[in-house]
Each structure stands twice: as C-alpha cells, then as structure tokens.
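Here is what each chain is made of, one letter per residue.
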Amino acid sequence: MADDLGRRGTRHAVVIGGSLAGLLAARVLAEHAERVTVVERDRLPDAPDARPGVPQGRHLHVLIEGGQQALDTLLPGFMDELRELGSPKVAMPTDMVQWQAGQWFTRLPATAHFYSGPRPQLEWLVRQRVLADPRVELVQGADVVGLTGTAARVTGVRLRERGAGAGHEPRTLAADLVVDASGRSTRAADWLAAIGAEAPHEETLDTGLAYASRVYKATDAVPVTDAQGYYIVPGPRQPYGGVIVPLGDGHHIVTFSGLRGDEPPTEDGAFEEYAKRFPHPVISEWVAAAEPVTPVHGFRKTANIRRRYDRPGRRPAGFLATGDALCAFNPIYGQGMATAALAAVALRRALADTRRVPTTRRVQRALLDASRGAWDISAGADKKMPGAKGDAARPQPLDKVTGWYLARIQERAAGDPAVGAPFRAVLTLTAPLTSLFAPSMVRAALFSPVPDTPAAPPLRKDA
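Reading the values: rules and limits
- Residues numbered from 1 in each chain as written.
- Predicted model: local features only at pLDDT ≥ 70, side-chain atom pairs only at ≥ 80, totals over all residues.
- Heavy atoms only, no water.
- Helix = DSSP H or I, 4+ residues; strand = E, 2+ residues; numbered from the N terminus.
- Rg over C-alpha atoms; globule rule 2.2 N^0.38 Å.
- Buried < 20%, exposed > 50% of the residue type's maximum accessible area, 1.4 Å probe, protein only.
- Contact = heavy atoms within 4.5 Å.
- Areas by Shrake-Rupley, 256 points an atom, 1.4 Å probe, with all protein chains shown as cover.
- Lys, Arg positive; Asp, Glu negative; His and termini not counted.
- Charge placed at Lys NZ, Arg CZ, Asp CG, Glu CD.
- Axes fitted to C-alpha atoms, helices over the stretch in contact; angles between N-to-C directions.
- Parallel < 35°, antiparallel > 145°, perpendicular 65-115°, else oblique.
- Nonpolar A, V, L, I, M, F, W, Y, C, P; charged D, E, K, R; others polar.
- Core = buried A, V, L, I, M, F, W, Y, C linked by side-chain atoms within 4.5 Å.
- Left-handed = near helix turned anticlockwise from the far one by under 90°.
- Salt bridge = Lys/Arg side-chain N within 4 Å of Asp/Glu carboxyl O.

Q: Which parts of the structure should I look at to understand the overall build of the protein chain?
A: Across its full length, the protein chain carries 13 helices and 21 strands. In summary, the protein chain has a C-alpha radius of gyration of 23 Å against a globular reference of 23 Å for 463 residues, a match within 12%. Classification of the 463 residues of the protein chain by burial places 55% in the buried group. When contacts within the protein chain are restricted to residue pairs at least 6 apart in sequence, those whose partners lie at least 24 apart make up 75%. Of the roughly 19,700 Å² that the protein chain leaves accessible, carbon and sulfur atoms contribute 53%. The protein chain carries 56 positive and 50 negative side-chain charges, and their two centres are separated by 6 Å.

Okay, here's the thing in structure tokens:
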C-alpha cells in the first residue's frame, strides 16, 4: 500500500489513547476511514469523573480561545454544550486579579476568555460526541504493547488485556494507520525499535516545576471582590505560582507551583502555609478563609518534551504521533487541551488537502507545526527559569535580544489595551508569536512609556 493516508482510502485506523488528543484524532480519521478503533488502557467512567490514566485530571485546566475555536470546528455546537454543563467563562483581563513581574494588571475590558470547568467534564463531553459516530469503536482496558509491521510500514498494534486474569498472550489488531496519542509517557521509542525503526530525537526542557491543587468552597469570609479569580504568575525573579479559578457550583480550584527543591506540599496546613511565599497575601488570605473540599493532589511531571518525527530517520509509513506523545508542555501554561484540538484541525486539513498527497511525513509535520506556538511560549518562558535543564534550555544567539523585547511588551500589556489585546491573543493561541513583532507593537515596545497599573490587588474593576 502506498504511503498515502487519505486519498486511496484507509480501511482501518487505530488510535492509541482515549484522552482528548486521541478522541479528536479519531473524530477526524472517521471522515476518511471505514472504521476507527480507539484503544484505551483505562475503563472509562460513564459520568464526568476523574480516571487514573489522566494523572493531572484533578488539577487546574483551562480551555483557552484557540482550543474553543478548534473544538467548535471539529464538533459543531460543542462550546454551547460545555456552557450548558456549567463550565465557568472567565474574561481576561477583566475577571482576574493578576500579578506578574512586579505589576498588578489593570482589569481592562475583556479581549479573551477561557473556560475553567473540571477537566473530566470536558473530556466526557468530547467522548460522548466522538463515540456517537458508529464508525468509531472503543476498546477499553487494554494496553498497547507493540507495533506490527516493519521499519518500512506499520501494519497494526499488539494488545494485551488489563486486569485480573489477563496474563494471556497479546492479540494483534491490524490497521492501515496507527496514531499514537498515549501521552507524555508514550512507549513509542521501544515500539519502533522492536520493528527495526528509529525513535525520534527528543528535545527536553525541565525546570523541575511541581504543582499541587485543592478544591475549596468560597465562604462569606473570603476577600470581597468582583473578580472571578486570582493569578500570581511565576518568573525568574519570583518562582512561585498561585492560581484560583472557579469550577462551578461555588467551588474553586487552587493550584500552587514551585521549582525543584521547593515544591508545594500536599499535607494539610503545609499547603496553606506555602501561600505565604507569594509576593502579596491576597491568595493566602483567600485560602485561609475558604473551606477545603478535597485532599491536596500533587503533580511533578512538567518537563517540556518535543519528539522530532519531522527530522530524518528510518521510520515507518502509517505511524503518526499527536498530543503529548508528540509535544508535551509544562502544564502550568494551560495549553494542553487547546493544542490537542488544534492538532486535530491540522490533521483534518492535511488529509483533506487536494494539492498534495498526504504522506506520513507530510501529515506528521503538520501535526508538529500545530504545536509550535504553544512550544514557543512554554519552552521560551521556562528557558529563563533558574535551574532549567535539557538540550532545549541551551541559550540561542537571539535569546537575549528577544527576551529584552518581550519583557518590554509584557510590561506594557499589563496596562495598555493596545498591547494587551495582541499579547493575550498569542497566549491563547489565536495569533502567532510573530504578531508581537508587528510595527505597531515594535513602536509601543521601544517608544511608549510603561503605563500606570494598580499599586495593590485590583479587587474591583474600577480600582
């Protein structure tokens, strides 16, 4: 079979992993294949509940605008359904009390919004929509333990059932196309080596950042504000992060982050004490007055990892990677769900492109390109953090000048709407990083003064 993923007809596609990236890839592949099988190691819940295969599922997740637009493209009406489930809509910068690099942000009229409902709620809704397609089948409770085929072409996967009494031999599931959406802990390097192919080079950048989260219920004693949440943004000079955002039904999720050697604790009392590290007590006061609802959950796998399938190597046709299996980001930047959706849109465009044959290499390059904006933001910010390690942490010739320029943009974004709107468009993945170098932005960065911003937390919009 020729290396053509769309035009000659893929009879059967297998997607490894039933999280957002895998489900959305299956949604797109169902437009081209006769049958799509999603293989998921978990037994998936019937309700919007957390599951073991998403270890960060109990932590803060936000759906930024790039992801909102992509989901509505892939699953028309999705955002209306998410709102009906009660996912809170938070306006930026209007609804957040935000501190970054020594400045409180002015709560200007909104130019961006994110949704902050629980991650399991959003994943459950995606699952309901995707699995409603009769062309998409779900195999639960099964591990992919290898690929079948050769270094020239993948022909399927080997599955082993999980659970008690599942010690029997793996079975083979034949496929014309296999998509790895198994997450940042993917075993694809081993699978490829077993069929004589080469694993991709991994670019890594790890700050050692860890975070911990707890759900609280607001009480009458919390600080009075018309904002929906708080955000202390970490940086090279102030490495502690703190976020409070609504989950719905009067509940909020509180997430603290710190770097290697000073990670936020998961013990009662110690978690609240950690909030006193922030440059202002507003978050500490909120947490002290609120009512804890859940235990504290920690998470430490936050390295940025990019697997360069686009580079030369002996790799088979019929095998793609997407989601965190391709490019995983420090989750603190809130880009993962959006990038999974943007990758599925890129997959759709690549397969439907009538000008070019959708070869494995061409489609894989499109998937990597879809993650480039998020990588530039996450890796670019993490590179400046103390203790950053990995080959992607090595300084590049233009880093110093670019960092100086972007710091001037950030200073002005805190209080100048003409700079803040494009700045937020980049952060929400609706505009490329290059838009910050437009002539109007260059003039503002080089010649306009830093605007006045609030001297204290702006608990009221008119502060």
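Q: Please clarify how the packing of helix H11 (residues 399-413) against helix H13 (residues 439-447) should be interpreted in this entry.
A: Helix packing for two helices is described by the angle between their axes and how far apart those axes are. Across the interface, H11 lies against H13 with an axial gap of 9 Å and an inter-helix angle of 85°. Here H11 is positioned roughly perpendicular relative to H13, judged by the angle of their axes. Contacts between H11 and H13 involve Trp404, Tyr405, Arg408, Ile409 and Arg412 on the former and, on the latter, Met441, Val442, Ala444, Ala445 and Leu446. Here the residues of the contact of H11 with H13 are counted per class, giving eight nonpolar, no polar and two charged.

Q: What's the story with the nonpolar core in this structure? I'm lost.
A: Across soluble globular proteins, nonpolar side chains have a tendency to be buried as a group. Counting residues in hydrophobic clusters, the biggest one holds 102 residues, and the most contacted among them are Leu29, Val36, Phe78, Val126, Leu147, Val157 and Leu347. Per-element accounting of this core gives the leading share, 10 residues, to helix H8 (residues 336-352). When neighbours within four sequence positions are excluded, valine 157 is seen to be in contact with Val14, Ile16, Val144, Gly146, Leu147, Thr148, Arg171, Thr172, Leu173 and Val178. Counting 24 residues, the second largest nonpolar core, distinct from the first, contains Tyr216, Ile232, Ile283 and Trp286.

Q: Explain the packing of helix H1 (residues 20-29) against H8 here, please?
A: Two elements in contact, H1 and H8, have axes whose closest approach is 9 Å; the angle formed by their N-to-C orientations is 20°. As far as their axial angle goes, H8 and H1 are roughly parallel. You can see that H1 and H8 cross each other, and the crossing is right-handed. For the pair formed by H1 and H8, the contact residues are Leu20, Ala21, Leu24, Ala25, Arg27, Val28 and Leu29 on the first element and Met337, Ala340, Ala341, Ala344, Leu347, Arg348 and Leu351 on the second. For the contact of H1 with H8, the residue count by class is 12 nonpolar, no polar and two charged.

Q: Explain the environment of proline 417 to me, please; I cannot follow it from the model alone.
A: With respect to the secondary-structure elements, proline 417 resides in helix H12 (residues 417-427). Taking the C-alpha atoms as reference points, proline 417 and leucine 20, separated by 397 residues in sequence, lie 34 Å from one another. Not counting residues within four places of it along the chain, the set of residues in contact with proline 417 comprises Leu108 and Pro422.

Q: Explanation requested: the pattern of salt bridges in the structure shown.
A: Any two side chains of opposite charge can pair if their charged atoms end up close together. Scanning the model with the defined rule gives 33 salt bridges in all. Salt-bridge contacts for arginine 308 lead to glutamate 203; the nearest nitrogen and oxygen are separated by 3.2 Å. Taken together, the positions of arginine 308 in strand E19 (residues 304-308) and glutamate 203 in strand E12 (residues 201-205) put the pair 105 residues apart, joining distant regions of the chain. Glutamate 203 carries the same exposure label as arginine 308, and that label is buried. Between aspartate 369 and arginine 372 there is a salt bridge; the shortest N-O distance is 2.7 Å. For aspartate 369, a relative accessible area of 40% corresponds to the partly exposed category. What you see here is one network of salt bridges that share partners, running through Glu40, Asp42, Arg51, Arg119, Glu123 and Arg127.

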